[in-house]
Amino acid sequence: MKETIHYKSVTLVVLLIAIIQFSAIGQLRIDSPYSRFGLGDIDQGYNTYQASMGGAAYGVKDPYRISTINPASYAQIDSGSFVFNAGFDGLMINTKTATQDGGSNYFNLSYIKFAMPVTNWWRTGAGLLPFSTVGYNVNTHGYIDSIGSVRYGHLGDGCISKVYWGNALKITKKLSVGVNMSYLFGNVNLRKESEMEDMPFAFKYRITNTVEVKSLYFDYGLNYLTNFGKDDKYFLGIGLVYAQQQSFKAVNTTLAYTYTDGADGFEFIKDTIANIDNGSGKIIIPQKIGGGFSIGQANNWMFAADVTLNEWSKYKAFGMSDSLGNSISYNFGAQYYIGKYAVNAGFRYHDSPLNINNTDINDYGISFGVGFPLRSNEFTVSYVDLGFEFGRRGTTVNNLIQQDYFKVKLGINIRNTWFRRAKYL
């Protein structure tokens, strides 16, 4: 028995390392001009199951799927089980203004996680997922006397990833607390460029501002789970999450140069205008507080709701703010079982921190999905989650940009009984 457990341990560790390397290389890509602000689009950390329920998750009990957004939920992992989760995301997006539109799409690995028991009252886990992502390419055009038509480009790319170590403690049979300690790393690049379109042999100009982040981040959670009604037929879950205002260590550099285009997309730098190390500084990430609940009947039905406040008005990077306001998110989800299939649906509304041209840039969507078990044995139980979401961000009024998107999510969840003692007859 011990040899079998050791073999499984080594196999899974090797698999984890391979996936981590793949994920670090294939960073998340998006296509949103609104990711220009702050550190980009902040990833909410939903797994596939949670996303299909509109993101409602703070008070949801689930021993098969790891919920990083409330670290207290790790306590729900069975005392004899090792749980592994991986998720994949696909996005099809249509971006349009009052006069034009275009589309883009991608598919990539979005997260990997594992969790396991340490003692009867302590659970631990770790994983890798994105913290924020920047990705946009916006062009405007102007006219200058004696030069002609000029293209002004605004481009951005980059990703800040998060490696976390989470722990949850059972205070009582119904109450648990948890904490995530995360290491954030990565960089974002914000570029401006100009091109004289009527002079094809003239050099182009580009200036790039790069922010590199390497810092720790902490967030906390609380779970209260109980049963009620005749024969404890129904359950109630309450969850609270909190992250205090924190400072990230960051380094800022600026590079400006002239260049020309070559074949197959290559660029040839002509002259370096500036290469400046602006030194290290701090990025202030504001506090976050949220709460939610779930209520239902096990393996039958459930309703869940969350609300989250982020004080983005207090965001600063290297001593400067970025025109952000506070934001509130509302998440609602429901689940109903049809045989062994868990059918999910949800709605979310995000009052984002962006206000451009006196217009709020909000984000909302409806989602649905299904979770179903694969063939299991005495030691392994596997679930597959498939989720879909239709959403809209922004508007075309006041010369702004509207994005309609369709997301496809796939989640793989494996619970393996590694710690069961062998019985001899």
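Residue positions within a chain follow its written sequence, with the count starting from 1. At least 70 in pLDDT is required for a residue's local features to be given in this predicted model, at least 80 for side-chain atom pairs to be given and counted, and no such filter applies to totals for whole chains, interfaces and linings, which use all residues. Only hydrogens and water are set aside when side-chain values are computed; all heavy atoms of the structure are taken into account.

(A) Up close: the nonpolar core. In plain words, nonpolar cores are sets of buried Ala, Val, Leu, Ile, Met, Phe, Trp, Tyr and Cys residues tied together by side-chain atoms within 4.5 Å. Summary of the burial criterion: residues with accessible area below 20% of their type's maximum are buried, those above 50% are exposed, and those between are partly exposed, where the area comes from a 1.4 Å probe applied to protein chains only. Among the nonpolar cores identified, the biggest contains 23 residues, and L39, V213, F248, I283 and I285 are the most heavily contacted of them. For this core, the secondary structure elements donating two or more residues are strand 4 (122–144), strand 6 (175–196), strand 7 (204–228), strand 9 (246–261) and strand 10 (267–285). Setting aside residues up to four positions removed in sequence, V213 forms contacts with I160, L184, F185, G186, F248, K249, A250 and I283. Formed by ten residues, the second largest nonpolar core is a distinct cluster that contains A75, Y111, L129 and A168. Per the convention used, a helix needs a DSSP run of H or I reaching at least four residues, while a strand needs a run of E reaching at least two, with both numbered from the N terminus. Contacts were defined at the residue level, with two residues in contact if any of their heavy atoms lie within 4.5 Å.

(B) Main features of unusual backbone geometry. A positive phi is found at S323, a non-glycine position, where the angle reads about 55°. Counting through the fold element by element, S323 comes out in the loop between strand 13 (316–317) and strand 14 (327–338). Of note in this structure, N357 is not a glycine but carries a positive phi near 55°. Under the relative-accessibility criterion, N357 is labelled partly exposed at 44%.

(C) Main features of the packing of aromatic side chains. The aromatic pairing rule takes the rings of Phe, Tyr and Trp, using the six-membered ring of Trp, and pairs them if the centres are within 6.5 Å, calling planes under 30 degrees apart stacked, those over 60 edge-to-face and the rest tilted. Throughout the structure, instances matching the rule amount to 19 aromatic pairs. Geometrically, the ring pair formed by Y349 and Y364 is stacked, given 6.4 Å between the ring centres and 20° between the ring planes. Here the residue Y349 occupies a position in strand 15 (residues 341–351), and Y364 occupies one in strand 18 (residues 363–373), the gap between them amounting to 15 residues. Ring pairs connect the aromatic residues F368, F388, F390 and F406, which therefore count as one cluster. A ring has a charge above it when a Lys NZ or an Arg CZ is no more than 6 Å from the ring centre and no more than 35 degrees off the ring normal. Above the ring of Y49, the side-chain terminus of R65 is found at 4.4 Å from the ring centroid. If you follow K113 out to its NZ or CZ, it ends over the ring of Y111, 4.6 Å from the centre.

(D) View of the environment of N108. By secondary structure assignment, the location of N108 is in strand 3 (residues 101–117). The sequence separation of N108 and G87 amounts to 21 residues, and the corresponding C-alpha distance is 8.8 Å.

(E) Spatial organisation of the side chain of E389. With respect to the secondary-structure elements, E389 resides in strand 19 (residues 380–394). In terms of polar contacts, E389 uses its side chain to reach the side chain of R348, at 2.6 Å. Once you skip the residues sitting within four places of it in the chain, E389 turns out to touch R348, G365, I366, S367, Y405, F406 and K407. Pairing of N or O atoms within 3.5 Å defines a polar contact, subject to two protein rules: one partner must be a possible hydrogen donor and the other a possible acceptor, and residues neighboring in sequence count only if both atoms are side-chain atoms.

(F) The pattern of salt bridges, seen in detail. Salt bridge criterion: a side-chain nitrogen from Lys or Arg within 4 Å of a carboxyl oxygen from Asp or Glu. Taken as a whole and assessed by the stated rule, the structure comprises 17 salt bridges. When the shortest N-O distance is used, the salt bridge between E195 and K204 registers 3.7 Å. Relative accessible area serves as the criterion here: at 12%, K204 is assigned to the buried category. Across the pair E311 and K314 runs a salt bridge, and its minimum N-O distance is 3.4 Å. Looking at K314, the relative accessible area reads 43%, which means it is partly exposed. Through salt bridges that share partners, R151, E193, E195, K204, R206, D261 and E267 make up one connected network.

(G) Inspection of the environment of N358 at higher detail. Counting through the fold element by element, N358 comes out in the loop between strand 16 (355–356) and strand 17 (359–360). By relative accessible area, which is 76% here, N358 ends up exposed.

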